[in-house]
Amino acid sequence: MTIKSIQTLVSEAMQEIKTINADEALKMVENDNCNLIDIREVRELESTGKVENSVHIPRGMLEIYLDPNSALFQQGVLDQNKETVLFCAGGVRSALAVKALKNMGYEKISHIEGGFGSISQSKFKIV
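These numbers come from a predicted model, not from an experiment.

Student: Help me out: how do you make sense of unusual backbone geometry in this one?
Tutor: Glycine aside, residues mostly have negative phi angles, and peptide bonds mostly take the trans form. We note that Asp 32 has phi near 55°; this positive angle belongs to a residue other than glycine. Mapped onto the secondary structure, Asp 32 falls in the loop between helix 2 (22-30) and strand 2 (34-38). In the Ramachandran plot, Asn 53 falls in the positive-phi region, its phi being about 70° despite a non-glycine side chain. If you trace the backbone, Asn 53 turns up in the loop between helix 3 (42-48) and strand 3 (55-56). Judged by relative accessible area, Asn 53 falls into the exposed class, the value being 58%.

In structure tokens:
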């Protein structure tokens, strides 16, 4: 059995997922066309700040919270008619997370290239 490297996993995921840049994501947020989800860990948010209008769901809980039977899903916290846009610190975790959500059946799903690093260099507001 060959164990794949993280680079291989991300490379394979990138062939199957939609990637957008921070400017495209900002337009989607401004037009209220997406659910913006920050999948970084709590300590990352504490040290760098939170992106205004984003929902925080740590990567480790993503599939659990976005399960159709979960309270978050049932309460309509996320609008299923809008595209779900994920980001992490640099784009690796979010790429893998998008692939996982696609496997769950999510269709309108993408991630931000460069993650929080590119977001912090854009016109997004960090709070």
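Student: Quick question: what am I supposed to make of the environment of Ser 70 here?
Tutor: In this structure, Ser 70 sits in the loop between helix 4 (62-65) and helix 5 (71-74). Taking the relative accessible area as the measure of exposure, Ser 70 reaches 12% and is therefore buried. For Ser 70, the residues in contact, after removing those within four places along its chain, are Ile 64 and Tyr 65. Here the side chain of Ser 70 touches Phe 73 through a polar contact of 3.2 Å, landing on its backbone nitrogen.

Student: What am I meant to see in a nonpolar patch on the surface here?
Tutor: A contiguous nonpolar surface patch, about 220 Å² in accessible area, is contributed by Ile 6, Leu 9 and Val 92. On the secondary structure map, Val 92 appears in helix 6 (residues 92-104). For Val 92, a relative accessible area of 41% puts it in the partly exposed group.

Student: Help me understand the pairing of strand 5 (residues 109-112), please; the structure alone is not making it clear to me.
Tutor: Two faces belong to every sheet, and in a regular strand the side chains alternate between them. Going residue by residue along strand 5, you find Ile 109 and His 111 tucked away on one face and Ser 110 and Ile 112 tucked away on the opposite face as well. As defined by bridge partners, strand 1 (residues 18-20) adjoins strand 5 across three bridges and the pair is classed as parallel. Of the residues in strand 5, the one forming a bridge with Thr 19 is His 111. Direction of pairing for strand 4 (residues 83-87) relative to strand 5: parallel, over a ladder of three bridges. Directly across from Val 85, in strand 5, lies its bridge partner Ser 110. Regarding the hand of the β-α-β motif, the stretch spanning strand 4, helix 6 and strand 5 is right-handed.

Student: Is there a simple way to think about the state of the cysteines in this case?
Tutor: Defined simply, a disulfide is a covalent bond joining two cysteines at their sulfur atoms. Under the definition given, this model contains zero disulfides. Between Cys 34, a cysteine without a disulfide, and Cys 88, which holds the nearest cysteine sulfur, the sulfur-to-sulfur distance is 16 Å. Using a relative accessible area of 1% as the deciding quantity, one classes Cys 88 as buried.

Student: It is not clear to me how helix 6 should be interpreted in this structure. Could you clarify?
Tutor: Along an α-helix, residues three or four apart share an orientation, since each turn contains 3.6 residues. With 13 residues, helix 6 extends 19 Å between its outermost C-alpha atoms, agreeing within 8% with the 18 Å of an ideal straight helix rising 1.5 Å per residue. When helix 6 is considered as a whole, its buried residues turn out to be Ser 94, Ala 95, Ala 97, Val 98, Ala 100 and Leu 101. Buried residues belonging to helix 6 abut helix 1 (6-14), helix 4, strand 4 and strand 5.

Student: Hey, could you run me through the side chain of Ser 94 in this one?
Tutor: Take Ser 94: it is sitting in helix 6. Within the structure, the side chain of Ser 94 is placed 3.4 Å from the backbone oxygen of Gly 91, a separation counted as a polar contact. Not counting residues up to four positions away in its chain, the partners in contact with Ser 94 are Ile 39, Leu 86, Phe 87, Cys 88, His 111 and Ile 112.

Parameters at a glance
- Residues numbered from 1 in each chain as written.
- Predicted model: local features only at pLDDT ≥ 70, side-chain atom pairs only at ≥ 80, totals over all residues.
- Heavy atoms only, no water.
- Helix = DSSP H or I, 4+ residues; strand = E, 2+ residues; numbered from the N terminus.
- Buried < 20%, exposed > 50% of the residue type's maximum accessible area, 1.4 Å probe, protein only.
- Contact = heavy atoms within 4.5 Å.
- Polar contact = N/O pair within 3.5 Å; in protein donor to acceptor, adjacent residues only side chain to side chain.
- Patch = residues over 30% accessible without salt bridge, like charges linked within 9 Å, V, L, I, M, F, W, Y side chains within 5 Å.
- Areas by Shrake-Rupley, 256 points an atom, 1.4 Å probe, with all protein chains shown as cover.
- Salt bridge = Lys/Arg side-chain N within 4 Å of Asp/Glu carboxyl O.
- Pairing = 2+ DSSP bridges.
- Right-handed = clockwise from strand over helix to strand, strands pointing away.
- Disulfide = S-S within 2.5 Å.
- Expected span 1.5 Å × (residues − 1).

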